[in-house]
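One letter stands for each residue in the lines below.
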Amino acid sequence: EITDANGNKQTVVSDTDVKIADSPIVFDDYHYGEYYDARNEIADWNKPCFDDSNWKNAIIAETPKGEICSCVAEPILKRAEYKPVSITPYEDGYVYDFGVNDSGLCKLQIKGQSGQKVKMFYAETLVDGKPFLDVRVDNADCFQLDWYICSGIGTECYMPRFTYHG
């Protein structure tokens, strides 16, 4: 239920009339990261005149347990944009050192082959020029890790949507 500034109420209902399709966002978690497969992108899916006739209807799922309440956390907003102070070869990739310990996201711009996987993992500090990863939750290999799979169509730009990293 949404109440606007004038006090008007609107109820938004999800039922089997809602249309669904596979998303390029295969997995997301605000600590663990995002897995994005650009080969699944659907052009203009969010435009008013999009033809969703090939999409499936949603199925009814059990209502989540717990109490519905508003989020009172401050929104995550862009405060700054950093450029790397150094780029160093590391294992089969590179370490981009931004010279600060901050939380945020990295933006990837790539001209890759269809199916090419790019792994972006984040560390809050470097020790002897190498990412220090011992602060990961349960030493999980997927903590603060984003995967991007290229569509192979021109220059692609990606920045995760449902996570942030240190």
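Quick summary incoming for the structure in this document. (Residues numbered from 1 in each chain as written. Predicted model: local features only at pLDDT ≥ 70, side-chain atom pairs only at ≥ 80, totals over all residues. Heavy atoms only, no water.)

**Concerning the overall build of the protein chain**
Counting its regular elements, the protein chain contains zero helices and 14 strands. Put simply, the protein chain runs from its N terminus to its C terminus through helices and strands in the order β-β-β-β-β-β-β-β-β-β-β-β-β-β. A compact globule built from 166 residues would reach a C-alpha radius of gyration of about 15 Å, whereas the protein chain, at 20 Å, exceeds it by more than 25%. Principal-axis analysis of the C-alpha atoms places the extent of the protein chain at approximately 55 × 40 × 30 Å. Every one of the 166 residues in the protein chain was classed for burial, and the buried ones make up 20%. Just so you have it, the protein chain exposes about 13200 Å², and 51% of that area is on carbon and sulfur atoms. (Helix = DSSP H or I, 4+ residues; strand = E, 2+ residues; numbered from the N terminus. Rg over C-alpha atoms; globule rule 2.2 N^0.38 Å. Buried < 20%, exposed > 50% of the residue type's maximum accessible area, 1.4 Å probe, protein only. Areas by Shrake-Rupley, 256 points an atom, 1.4 Å probe, with all protein chains shown as cover.)

**Things to note about the pattern of salt bridges**
The full count for this structure, using the stated rule, is five salt bridges. Between Glu62 and Lys65 there is a salt bridge, with the nearest N and O atoms lying 2.6 Å from each other. For the pair Glu62 and Lys65, a shared accessibility class is recorded, and that class is exposed. The partner of Lys78 in a salt bridge is Glu81, with the nearest N and O atoms 2.8 Å apart. For the residue pair Lys78 and Glu81, the accessibility class agrees, reading exposed in each case. (Salt bridge = Lys/Arg side-chain N within 4 Å of Asp/Glu carboxyl O.)

**Examining the side chain of Thr163**
As for its placement among the helices and strands, Thr163 is situated in the segment after strand 14 (156-158). On the basis of relative accessible area, Thr163 is assigned to the buried category, the value being 7%. Among the polar contacts listed, one links the side chain of Thr163 to the backbone oxygen of Asp29, at a separation of 3.1 Å. A polar side-chain atom of Thr163 sits 3.1 Å from the main-chain carbonyl oxygen of Tyr30. Once residues within four sequence positions are removed from consideration, Thr163 is found in contact with Asp29, Tyr30, His31, Gly33, Glu34, Leu105 and Asp146. (Polar contact = N/O pair within 3.5 Å; in protein donor to acceptor, adjacent residues only side chain to side chain. Contact = heavy atoms within 4.5 Å.)

**Some words on the nonpolar core**
Counting eleven residues, the largest nonpolar core is built from Ile25, Tyr36, Ala38, Leu108, Ile110, Val118, Met120, Tyr122, Tyr148, Cys150 and Tyr158. For this core, the secondary structure elements donating two or more residues are strand 9 (108-110) and strand 10 (117-121). (Core = buried A, V, L, I, M, F, W, Y, C linked by side-chain atoms within 4.5 Å.)

**Comments concerning the sheet that holds strand 4 (residues 25-29)**
Spatial ordering of the open sheet is given by 4-5-13-10, a layout of four strands whose pairing is mixed. Across the chains shown, the open sheet's two edge strands, defined by having one partner strand only, are strand 4 and strand 10. Each adjacent strand pair in this sheet contributes to an overall mean axis angle of 10°, direction not counted. Here three bridges tie strand 5 (residues 33-37) to strand 13 (residues 145-149), and the two strands are oriented parallel to one another. Note on strand 13: the bridge partner recorded for Tyr36 is Tyr148. (Pairing = 2+ DSSP bridges. Axes fitted to C-alpha atoms, helices over the stretch in contact; angles between N-to-C directions.)

**As for unusual backbone geometry**
Peptide bonds are trans in most cases, and residues, glycine excluded, mostly fall at negative phi. We note that Asp44 has phi near 60°; this positive angle belongs to a residue other than glycine. As for its placement among the helices and strands, Asp44 is situated in the loop between strand 5 and strand 6 (56-57). Of note in the backbone geometry, Glu91 takes a positive phi value of approximately 45° without being a glycine. On the basis of relative accessible area, Glu91 is assigned to the exposed category, the value being 70%.

**As for the environment of Thr88**
By the element assignment, Thr88 lies in strand 7 (residues 86-90). A C-alpha to C-alpha distance of 49 Å links Thr88 and Glu62, two positions 26 residues apart in sequence. The residues touching Thr88, leaving out its near neighbours within four places in the chain, are Gly93, Tyr94 and Val95.

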